[in-house]
Amino acid sequence: MTLFWLVILAAARMRHDVLLVMCIPAVFVAFVLGFSMGIYAWDTFGTIHAVAAVVLAWFGARELARRYDARDLLIAIYLCWAIGLMFALIATGFPDEV
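Remember, predicted model here, so these are calculated numbers, not experimental data. (Residues numbered from 1 in each chain as written. Predicted model: local features only at pLDDT ≥ 70, side-chain atom pairs only at ≥ 80, totals over all residues. Heavy atoms only, no water.)

Colleague: For this particular structure, what's the right way to read helix 5 (residues 70-93)?
Modeller: In an α-helix there are 3.6 residues to a turn, and that puts residues three or four apart on one side. Helix length check: helix 5, at 24 residues, gives a terminal C-alpha distance of 35 Å against a target of 34 Å (1.5 Å per residue), a fit within 8%. Those residues of helix 5 lying buried are Ala70, Leu73, Leu74, Ala76, Ile77, Cys80, Trp81, Gly84 and Ala88. Elements in contact with the buried residues of helix 5: helix 1 (2-12), helix 2 (17-22), helix 3 (24-45) and helix 4 (47-67). (Helix = DSSP H or I, 4+ residues; strand = E, 2+ residues; numbered from the N terminus. Expected span 1.5 Å × (residues − 1). Buried < 20%, exposed > 50% of the residue type's maximum accessible area, 1.4 Å probe, protein only. Contact = heavy atoms within 4.5 Å.)

Colleague: Help me out: how do you make sense of the packing of helix 1 against helix 5 in this one?
Modeller: For any two helices packed against each other, one specifies the inter-axial angle together with the distance between the axes. Relative orientation of the contacting elements helix 1 and helix 5 amounts to 160 degrees, with a least axis distance of 8 Å. With respect to each other, helix 1 and helix 5 are oriented roughly antiparallel. Crossing hand, helix 1 versus helix 5: left-handed. Residues Leu3, Phe4, Leu6, Val7, Ala10 and Ala11 of helix 1 touch helix 5, and the partners they reach there are Leu73, Ile77, Cys80, Trp81, Ile83, Gly84, Leu85, Phe87 and Ala88. By residue class, the composition of the contact of helix 1 with helix 5 is 14 nonpolar, 1 polar and no charged. (Axes fitted to C-alpha atoms, helices over the stretch in contact; angles between N-to-C directions. Parallel < 35°, antiparallel > 145°, perpendicular 65-115°, else oblique. Left-handed = near helix turned anticlockwise from the far one by under 90°. Nonpolar A, V, L, I, M, F, W, Y, C, P; charged D, E, K, R; others polar.)

Colleague: Help me out: how do you make sense of the nonpolar core in this one?
Modeller: Proteins that are soluble and globular tend to have nonpolar side chains buried together. By size, the foremost hydrophobic cluster in this structure holds 24 residues, and its most contacted members are Leu6, Val7, Met14, Cys23, Val27, Leu73 and Ile77. Mapped by element, the contributors of at least two residues to this core are helix 1, helix 3, helix 4 and helix 5. Looking at this core, the element that brings in the most residues is helix 5, giving 8 residues. Beyond its immediate stretch of four places on either side in the chain, Leu73 contacts Ala10, Arg13, Met14, Leu64, Ala65 and Tyr68. (Core = buried A, V, L, I, M, F, W, Y, C linked by side-chain atoms within 4.5 Å.)

If you want it as structure tokens, here you go:
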């Protein structure tokens, strides 16, 4: 969930308009999966864990935007998106305990 928030917040810090358009697929999927995973985390683990994911992602996005130029930031956004999708695939593969 933190990686999906990182994708959204890092795309918000993109300084190049054409590269921002290239972030649309990653941001759209991050909104959909991040929202559903955020609701699940909020219900299962509580408010503190759901808010902590956003705070960690904000600091990460700020550091990525500070460290990289626009092209490298786009690569980092897509890399975070891919890793987040892998973790989401692993997380949804495990059944919940009843």
